[in-house]
Amino acid sequence: MSAADTTTPAKVPPPRQAPPPAVPKAPRRRRTSGGAAVPWALLAPCLLILALVMGYPLVRLVTLSFQKFGQSQLWGFQPAESVGFDNFGKVLGDSEFWTVVVRTIVFAVGSVVFTMVIGMLIALLLQRVSGWVKTLINIALVASWGMPIIVATTVFKWLFDSDYGVFNALLSKLPGVDMIGHNWFASGPQGLAVIMLLVVWGAVPFVVITLSAGLTQVPSELEEAARLDGAGAWGVFRYVTLPVLKPIVVMLTTLSVIWDMGVFPQVFVMRGGHPEAEFQLLTTYSYDRAFVVNDYAQGSAIALLTVLLLLGVVAVYMRQMLQIGEVE
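Cut-off values and rules
Residues numbered from 1 in each chain as written. Predicted model: local features only at pLDDT ≥ 70, side-chain atom pairs only at ≥ 80, totals over all residues. Heavy atoms only, no water. Core = buried A, V, L, I, M, F, W, Y, C linked by side-chain atoms within 4.5 Å. Buried < 20%, exposed > 50% of the residue type's maximum accessible area, 1.4 Å probe, protein only. Helix = DSSP H or I, 4+ residues; strand = E, 2+ residues; numbered from the N terminus. Contact = heavy atoms within 4.5 Å. 1 Å grid on protein atoms, 1.4 Å probe; cavity = no way out; pocket = protein on both sides within 12 Å on 5 of 7 lines; lining within 4 Å. Points joined across faces, edges and corners; volume = space filled by probe spheres on them. Nonpolar A, V, L, I, M, F, W, Y, C, P; charged D, E, K, R; others polar. Axes fitted to C-alpha atoms, helices over the stretch in contact; angles between N-to-C directions. Parallel < 35°, antiparallel > 145°, perpendicular 65-115°, else oblique. Left-handed = near helix turned anticlockwise from the far one by under 90°. Phe/Tyr/Trp six-rings, centres within 6.5 Å; stacked < 30°, edge-to-face > 60°. Lys, Arg positive; Asp, Glu negative; His and termini not counted. Salt bridge = Lys/Arg side-chain N within 4 Å of Asp/Glu carboxyl O.

Q: Even after reading the chapter, I still don't get the nonpolar core, so can you show me in this structure?
A: When a protein is soluble and globular, its nonpolar side chains tend to lie buried together. One finds Phe 97, Leu 211 and Leu 282 to be the most contacted residues of the largest nonpolar core, which totals 32 residues. Those elements that provide at least two residues to this core are helix H4 (86-92), helix H5 (95-126), helix H9 (188-215), helix H11 (233-261), helix H13 (282-292) and helix H14 (296-327). Excluding its chain neighbours within four sequence positions, the residues that come into contact with Leu 211 are Gly 119, Met 120, Ala 123, Leu 245, Ile 248, Val 249 and Leu 252. Listed in part, the 23 residues of the second largest apolar core include Phe 107, Leu 126, Val 208 and Met 270.

Q: Sorry, what's going on with the layout of surface pockets here?
A: Once rolled over the atoms, a probe with the size of a water molecule shows which space is left empty. Approximately 560 Å³ is the volume attributed to the largest pocket. If you trace the largest pocket, you find 22 residues lining it, with Leu 61, Ser 286, Gly 299, Ala 303 and Val 307 closest to the centre. At the level of elements, helix H2 (37-65), H13 and H14 are the ones that each hand at least two residues to the lining of the largest pocket. Element by element, the count of residues in the lining of the largest pocket is highest for H14, at nine residues. Tallied by class, residues from the lining of the largest pocket come to 15 nonpolar, six polar and one charged.

Q: Sorry, what's going on with the packing of H5 against H9 here?
A: How two helices pack is summed up by the angle between their axes together with the distance between the axes. In contact at an axis separation of 7 Å, H5 and H9 are set at 40° when each is read in the N-to-C sense. Regarding the angle of H5 to H9, the classification is oblique. In this structure, H5 meets H9 at a crossing whose hand is right-handed. When its residues are assigned to classes, the contact of H5 with H9 shows 20 nonpolar, five polar and one charged.

Q: Looking at this structure, how should I read unusual backbone geometry?
A: Residue Asn 294 is not a glycine yet carries a positive backbone phi of 65°. Structurally, the position occupied by Asn 294 is in the loop between H13 and H14. Given the relative accessible area of 24%, Asn 294 is considered partly exposed.

Q: What exactly am I supposed to notice about the environment of Val 106 here?
A: Note on placement: Val 106 falls in helix H5. Overall, the relative accessible area of 54% leaves Val 106 in the exposed class. For Val 106 and Met 261, which are 155 residues apart along the polypeptide, the C-alpha to C-alpha distance reads 9.6 Å.

Q: So what exactly am I meant to see when it comes to the packing of aromatic side chains here?
A: Aromatic rings in a pair are described by how distant their centres are and how their planes are angled relative to each other. Here the structure, examined in full by the defined rule, presents 19 aromatic pairs. With centroids separated by 5.8 Å and ring planes inclined at 85°, the aromatic side chains of Phe 160 and Trp 184 adopt a geometry described as edge-to-face. Residue Phe 160 is found in the loop between helix H7 (149-159) and helix H8 (166-172), and its partner Trp 184 is found in the loop between H8 and H9; the two are separated by 24 residues along the sequence. You'll find Phe 160 and Trp 184 in the same group, each marked buried. Ring geometry for Phe 185 against Phe 279: centres 6.3 Å apart, planes inclined by 40°, an arrangement best described as tilted. Highlighted residues: Phe 185 in the loop between H8 and H9 and Phe 279 in the loop between helix H12 (265-270) and H13, separated in sequence by 94 residues. The same class applies to Phe 185 and to Phe 279, which are both buried.

Q: Honestly, the side chain of Glu 223 in this entry has me stumped. Any pointers?
A: On the secondary structure map, Glu 223 appears in helix H10 (residues 220-228). Here Glu 223 is buried and forms no salt bridge, its nearest opposite-charge partner Arg 227 lying at an N-O distance of 4.1 Å. Apart from residues no more than four positions distant in its own chain, Glu 223 is found in contact with Val 218, Val 236, Val 240 and Thr 241.

Q: Honestly, the packing of H5 against H13 in this entry has me stumped. Any pointers?
A: Look at H5 against H13: their axes get within 9 Å of each other, and the N-to-C directions meet at 145°. On the side of H5, the interface is formed by Glu 96, Phe 97, Val 100, Val 101 and Thr 104, while H13 contributes Leu 282, Tyr 285 and Arg 289. Tallied by class, residues from the contact of H5 with H13 come to five nonpolar, one polar and two charged.

Right under this line is the structure:
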């Protein structure tokens, strides 16, 4: 046995592991003392403009509604007197006011229903036409939407004219129909129906464009799955399309109610600046009380009641949107 065989092998030390690379520390952001004030500083110009354009008139409206303010106070012959809730008592106790309120609500509801139904139908049809047809229709919608209200009202006034109206001439071509010389504004319901048609015509383009944008967000896979499950066109619309569009529909409906309850130039211009009693809506009724009867206090009270009525509509809208947010 040799010496090499009896020698014990030397132990080899394990290799040293390299230390892990040091992770660089992210630089600490210094908190500026004015960070919270930056958004308010950016919003300040907008808030100032809103306060001047909307805040002051609203405050002045509330002030006038609690005062006795007529032509004598306007010219400075007599000081304005505080009368408390007397103006509201007179307005709320007047049967004519409640007739105007009911007429305004019926007018607004009819306008909103026709606007939303026609707008939804056109938006759905636009999804089934070719690209160039959709482009032409969108151009026509934008052109009609951008037409000034005064111009559109004048055109409708000519279309429904009793002597030279195109609408009467077209209806008279139907068998057994003679509408030549028919005056659409001889009665309030017919005249308001014409004005309602004018309001719907001006509001439909915005609804169609908005709903068309919303329809692009409806997943086609859900629609195809619904069809495979046996749902028809109405079933797909009710259970797939409409739930996706619900936030947009709620928003458009609320805006339409606010706009249609505030209709003024259409009625004012259509009736030549002097709407008859059966054509009065809340806006024109408030205007007549303030600038025709020269009772600015009662006119302000009617306008303030209209604002409170619209705030109720806004409250319903906010509640619906919150419910939609909780479901999502």
